[in-house]
Amino acid sequence: MSKKVGMISLGCPKNQVDGEIMLSKLADNGFEITNDVDGADVVIVNTCGFIEDAKKEAIENILDMVELKKEGVIRKIVVTGCLAERYRDEVLSEIPEVDAVVGIGSNSDICEVCEKVCGGEENIKTFGEKTCLPLDGKRILTTPSYYAYIKIGEGCSNNCTYCAIPSIRGKYRSRTPESILEEAKALVDGGVKELIVVAQDTTRYGEDLFGKCALPALLTSLSKIEGLEWIRVLYLYPERLSDEIIDTFANNDKIVKYMDIPIQHCNSDILRRMNRRGSKEELTALITKIREKIPDVVLRTTLITGFPGETEEQFSELSEFVKEMKFDRLGCFAYSQEEGTPAAEFPDQVDEEIRKKRGEIIMEQQYNIFEKLNHDNIGKTMRCVVEGYDGYTDSYYGRTWRDAPDIDGSVSFTCGYELNEGDFVDVEIFDVNEYDLIGEVI
């Protein structure tokens, strides 16, 4: 009888792709993959360990599995992902009920590890070189059938002083274009209509292979795949957003005009301490250029408040910048003091309550901006993907091209004929409900 394996995958889409590759390996080696952890022989908790909140979520999920193991609902627990890689010894010492800890460089060994724990072995630890993390491979999609993430690179070489990713995932390394295109075609042949391109920094793609950014060429090649409706690109660093990349977005109909640009701050002194470049003036010029070249662009960004040394004046500068730029989408995080990062050792740490309060102020501002921008959509017709049907409201729901899955808002709409999940329709917007739009298919 085949052994049942369930997975809880946490954190970013890049980690989710890693989990999907592991699930495929397990299935190919005779394991039964289950969506319900109840009754599973092995539950893999594929963790995030980037910031404090992510670590807490990972630990809570592991402890939940520990309780199920004690109750006899599941048999074995395997921990993978960033938390496993970052805290190699602590996971087993702090949570001895865990049966195995697998670093990202040992993801390829997941079948062997699961066989061992099912055979009764305990306290397994395996950590290969980070560069051994598979960048490609067969996957069992954990997203709905009509969209998939496609990882074009791994690791990061930006070395921002607040970030632990380089120490967890290693230096940036790109997949070959041939590998990416082969996978993309297979995904589309399998029913995927929206490809979401991810890496820690998509604008760095190809530098290690070709000595220059190869993102425009890659996106152009992806857009030639028949049957593909949308290409969405996440994590574009402002320092590398060249005219060539902007023009590629502007001139290619399959690339949705949605740019996710994590700027983190606008004050030049704070940016320098973050080991990032730029200034308020340069960021303003970049955003102005993008909006001139792509008039209907949706701009998303992320910010950090309370970075070490951030003064009230510098925070006020950031606050005013947010009001002026009117980002369509924005996420703001209170600075997380991560051990092992340079910023964690900076002497001028900001009080945690102040960090959080500043983040709340930014998000309150952004809600007012977003509410106004959302109302501006009334009367417009937008291309949407159908994600399901709500019998309670007798309406369909989905996303416009302006919304990334699991990040942004949604749209509810009626239709005079039957729709299927994954269909693309044009919806006229006639109302707004907080973050979400309401409309009807035309």
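The structure this text deals with has already been given above.
Quick notes on the rules
All residue numbers refer to position in the chain's written sequence, counted from 1. The predicted nature of this model means local features are confined to residues of pLDDT at least 70 and side-chain atom pairs, given and counted, to a pLDDT of 80 or more, with totals for whole chains, interfaces and linings taken over all residues. Side-chain descriptors were evaluated using all non-hydrogen atoms of the structure, hydrogens and water having been removed beforehand. By definition, any uninterrupted DSSP run of H or I lasting at least four residues is a helix, any uninterrupted run of E lasting at least two residues is a strand, and each is numbered from the N terminus. Throughout, the radius of gyration refers to the C-alpha atoms, and the reference size of a globule is 2.2 Å times the residue count to the power 0.38. Note on exposure labels: buried denotes an accessible area under 20% of the residue type's maximum, exposed denotes more than 50%, and partly exposed covers the range between, all computed with a 1.4 Å probe on protein chains only. For this analysis, residues touch if any pair of their heavy atoms sits within 4.5 Å. Here the accessible surface of atoms and residues is derived via Shrake-Rupley with a 1.4 Å probe, and residues count as covered only by protein chains that are part of the display. Positive charges come from Lys and Arg alone, negative charges from Asp and Glu alone, with His and the N- and C-terminal ends not counted. A single reference atom marks each charge: NZ on Lys, CZ on Arg, CG on Asp, CD on Glu. In the sections that follow, a salt bridge refers to a side-chain nitrogen of Lys or Arg positioned within 4 Å of a carboxyl oxygen of Asp or Glu. To count toward a patch, a residue needs a relative accessible area above 30% and no salt bridge. Like charges then connect within 9 Å, nonpolar side chains (Val, Leu, Ile, Met, Phe, Trp, Tyr) within 5 Å.

Q: Can you help me understand the overall build of the protein chain in this one?
A: When helices and strands are tallied, the protein chain shows 14 helices and 19 strands. Here the C-alpha radius of gyration of the protein chain, 22 Å, is about what a compact globule of 442 residues would show, namely 22 Å. Out of the 442 residues in the protein chain, the part that is buried amounts to 56%. The long-range share in the protein chain, meaning contacts at least 24 apart out of those at least 6 apart in sequence, stands at 73%. In the form shown here, the protein chain has an accessible surface area of approximately 19,000 Å², with 47% of it arising from carbon and sulfur atoms. Positive and negative charge centroids in the protein chain, built from 52 and 82 side chains respectively, lie 5 Å apart.

Q: Teacher, can you tell me more about the environment of Met 22 here?
A: When you line up the elements, Met 22 lands in helix 1 (residues 13-28). You can call Met 22 buried: its relative accessible area is 1%. The sequence separation of Met 22 and Pro 134 amounts to 112 residues, and the corresponding C-alpha distance is 9.6 Å. In this structure Met 22 touches Met 7, Asn 46, Thr 80, Asn 107 and Ile 110, once residues within four positions along its chain are discounted.

Q: Can you walk me through the pattern of salt bridges in this structure?
A: A side chain with one charge can pair with a side chain of the opposite charge if their charged atoms come near. Counting across every chain of the model gives 43 salt bridges. The closest approach of N and O atoms between Lys 55 and Glu 338, which form a salt bridge, is 2.9 Å. Taken as a pair, Lys 55 in helix 2 (residues 52-70) and Glu 338 in the loop between strand 14 (329-334) and helix 14 (352-375) lie far apart in primary sequence, 283 residues in all. Just as Lys 55 is buried, Glu 338 falls in that class too. With a shortest N-O distance of 2.7 Å, Arg 399 and Glu 194 are connected by a salt bridge. One end of the pair, Arg 399, is in strand 16 (residues 395-400); the other, Glu 194, is in strand 10 (residues 194-198), with 205 residues separating them in the sequence. By the burial criterion, Arg 399 is buried, and Glu 194 matches it. What you see here is one network of salt bridges that share partners, running through Glu 52, Lys 55, Arg 86, Glu 338 and Glu 339.

Q: I would appreciate a short explanation of a negative patch on the surface in the present structure.
A: On the surface, Asp 53, Glu 57, Glu 60 and Asp 64 cluster together into a patch of negative charge. Structurally, Glu 57 can be placed in helix 2. The partly exposed category is assigned to Glu 57, whose relative accessible area is 38%.

All we've got here are geometric facts, nothing functional implied.
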